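# A structural walkthrough
Listed below are the residues making up each chain.
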Amino acid sequence: MTIGKLAQAGGVGVETVRYYQRRGLLAEPERAGGVRRYGSEELSRLRFIRSAQAAGFTLEEIRELLELDATRDRKRALALANTRIAALDRQLAALQRARQALARLASACESTSSKPCPIITAFEPPGRASSDTEPDECDDHRVD
């Protein structure tokens, strides 16, 4: 298949395929009749790269995983996966904290109508809150 067909089958743009080639993640086949032809092996590799990216691996980590695949170094592959899982767990915890803070702000916004909206004031830089408002119980919800 041509690079366009490869890109389409892999769900990426042609420039993405070229970028992966420049980074050494995908081989650039020789030209046959002036056109490079790609096969199922390149498509599998492209899909692997996209799946690994979706799991949060960096391109350098993906390069290492691809190299490990050739040597069958399961220990290192497992270490990379566990490192990625730990990073995802940290991201999930941070997202959960952000969600809880925003839920508290929404609740405070619902329960007060005479003061500025705590959702808006929580995202103002310190010292920028309007001077005609008094701090209230929502100030402990500030998201800095």
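Here's a quick rundown of the structure. Here, residues in each chain are numbered from 1, in the same order as that chain's written sequence. In view of the model being predicted, local features appear only for residues whose pLDDT reaches at least 70, and side-chain atom pairs are presented and counted only at 80 or more, with totals across whole chains, interfaces and linings using the full set of residues. Working from all heavy atoms in the structure, the side-chain values ignore hydrogens and water.

### Topic: the pattern of salt bridges
For this analysis, a salt bridge means a side-chain nitrogen from Lys or Arg found within 4 Å of a carboxyl oxygen belonging to Asp or Glu. What the rule picks out here adds up to 5 salt bridges. In this structure, Glu60 engages Arg23 in a salt bridge whose closest nitrogen and oxygen atoms are separated by 3.0 Å. Note that Glu60 is positioned in helix α4 (residues 59–71) and Arg23 in the loop between α2 (14–22) and β1 (31–32), a separation of 37 residues in sequence. With a closest N to O distance of 2.7 Å, Glu28 and Arg36 form a salt bridge. The class for Arg36 is partly exposed, based on a relative accessible area of 23%. Through salt bridges with shared partners, one network takes in Arg23, Glu60 and Arg63. Only runs of H or I of at least four residues qualify as helices and only runs of E of at least two qualify as strands under DSSP, and these elements are numbered from the N terminus. Relative accessibility under 20% of the residue-type maximum defines a buried residue, over 50% an exposed one, and the middle range a partly exposed one, all with a 1.4 Å probe and only protein chains included.

### Some remarks on the packing of aromatic side chains
For Phe, Tyr and Trp, rings pair up if their centres lie within 6.5 Å, where Trp contributes its six-membered ring, and each pair is then called stacked (planes under 30 degrees apart), edge-to-face (over 60) or tilted (otherwise). This structure, assessed with the given rule, holds 1 aromatic pair. Aromatic side chains Tyr19 and Tyr20 sit 6.3 Å apart centroid to centroid with 50° between the ring planes, which places their arrangement in the tilted category. For Tyr19, a relative accessible area of 33% translates into the label partly exposed.

### Some thoughts on the environment of Met1
With respect to the helices and strands, the residue Met1 is situated in the segment before α1 (3–10). When the C-alpha atoms of Met1 and Val35 are compared, they prove to be 9.6 Å apart, with 34 residues separating the residues in sequence. We call two residues in contact whenever any of their non-hydrogen atoms come within 4.5 Å of each other. The residues contacting Met1, other than those within four sequence positions of it, are Leu6, Arg36, Arg37, Tyr38, Gly39 and Leu43.

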